[in-house]
Amino acid sequence: MPKRSRKNKCVQLEVREEAKQKFIEFLVKKDLRITNQRRVIIDTVFDTNEHFTAEQLLEWARLKDSSVSRATVYRTLPLLTESNLVHEMDFGKPYKFYDPNYSDSPNHNHLICEDCEKIVEFDSEKIEEIEQDIGQKLGFTVKSQNLQLSASCDSLKRSGACDNKPCS
Ligand SMILES: [Zn+2]
Ligand SMILES: [Zn+2]
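Computed from a predicted model, the values in this text were never measured in an experiment.

### Things to note about the confidence of the model for the chain
Line of reasoning, step 1. Mean pLDDT over the chain stands at 88; residues scoring 70 or higher make up 90%.
Line of reasoning, step 2. The low-confidence segment residues 1-5, where pLDDT is below 50, has 5 contacts with residues more than four positions distant or belonging to other chains.

Right, dumping it as structure tokens:
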């Protein structure tokens, strides 16, 4: 599996720009108009490395353009996941999370803090080895991996809360 580098911000930017172009092509192929609102939502999605909920996306998009409607956000999200450029994740919460780093690296694992809902991505060669191992033993070829861990910050353990602060 190719190794990803999160250190090179320039490459990241290029990758995100490429994903944005691919999504615009996807909309054009579907004969969907790229309205101003939709353009703002697309810019917001592909400008971030953070995982987000629909409501977060709405909030961020409205910082760029206050006229962005909730309905347009909720209509655009299924298109983003359908295009395979953004991945929908279910952590057992009443709402879904969306992963903008999916097209760049479909094989990565997530840890979510149960208190502040911060999502941290991680890679592990050991986990990959174990998964390949299990696949082989059961007679399957593992094609993708996606591990989700529910966790709590160390500060949550100590004080019962993590103050909604980044806990990576
Ligand atoms: Zn991710
Ligand atoms: Zn936390």
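### Some details on the packing of helix H3 (residues 54-64) against helix H4 (residues 70-82)
Line of reasoning, step 1. One can describe the packing of H3 onto H4 by two numbers: an axis separation of 10 Å at closest approach and a directional angle of 125°. Judged by the inter-axis angle, H3 sits oblique to H4. Of the two elements, H3 crosses H4, and the hand of that crossing is right-handed. The residues of H4 that touch H3, namely those facing Ala54, Leu57, Leu58 and Ala61, are Arg70, Val73, Tyr74 and Leu77.

### Looking at the sheet that holds strand E3 (residues 109-113)
Line of reasoning, step 1. The strand order E4-E3-E5 describes an open sheet built from 3 strands, whose pairing is mixed. Two strands in the sheet have a free side with no partner beyond their single neighbour: strand E4 (119-122) and strand E5 (148-151). Going across the sheet, the axis of each strand differs from the next one's by a mean of 20°, ignoring polarity.
Line of reasoning, step 2. Pairing of E3 with E5, which is carried by 4 bridges, proceeds in the parallel orientation. Residue pairing across strands places cysteine 113 opposite alanine 151, the latter belonging to E5.

### Here we look at unusual backbone geometry
Line of reasoning, step 1. For aspartate 31, which is not a glycine, the phi torsion comes out positive at approximately 60°.
Line of reasoning, step 2. Along the chain, aspartate 31 turns up in the loop between helix H1 (9-29) and helix H2 (36-47).
Line of reasoning, step 3. Of note in this structure, asparagine 84 is not a glycine but carries a positive phi near 70°.
Line of reasoning, step 4. With respect to the helices and strands, asparagine 84 occurs in the loop between H4 and strand E1 (87-89).
Line of reasoning, step 5. Accessibility expressed as a C-beta count within 10 Å gives 13 for asparagine 84, which makes it partly exposed.

### Points about the environment of serine 69
Line of reasoning, step 1. Position of serine 69 among the secondary structure elements: in the loop between H3 and H4.
Line of reasoning, step 2. Of the residues examined, serine 69 has 13 C-beta atoms within 10 Å and is grouped as partly exposed.
Line of reasoning, step 3. When the C-alpha positions of serine 69 and isoleucine 41 are compared, they lie 9.9 Å apart, and in sequence the two are 28 residues distant.

Analysis parameters
Residues numbered from 1 in each chain as written. Chains lettered and ligands numbered in written order. Predicted model: local features only at pLDDT ≥ 70, side-chain atom pairs only at ≥ 80, totals over all residues. pLDDT = per-residue confidence, 0-100. Contact = placed C-beta atoms within 7 Å. Axes fitted to C-alpha atoms, helices over the stretch in contact; angles between N-to-C directions. Helix = DSSP H or I, 4+ residues; strand = E, 2+ residues; numbered from the N terminus. Parallel < 35°, antiparallel > 145°, perpendicular 65-115°, else oblique. Left-handed = near helix turned anticlockwise from the far one by under 90°. Pairing = 2+ DSSP bridges. Buried ≥ 20, exposed ≤ 12 C-beta atoms within 10 Å, placed from the backbone.

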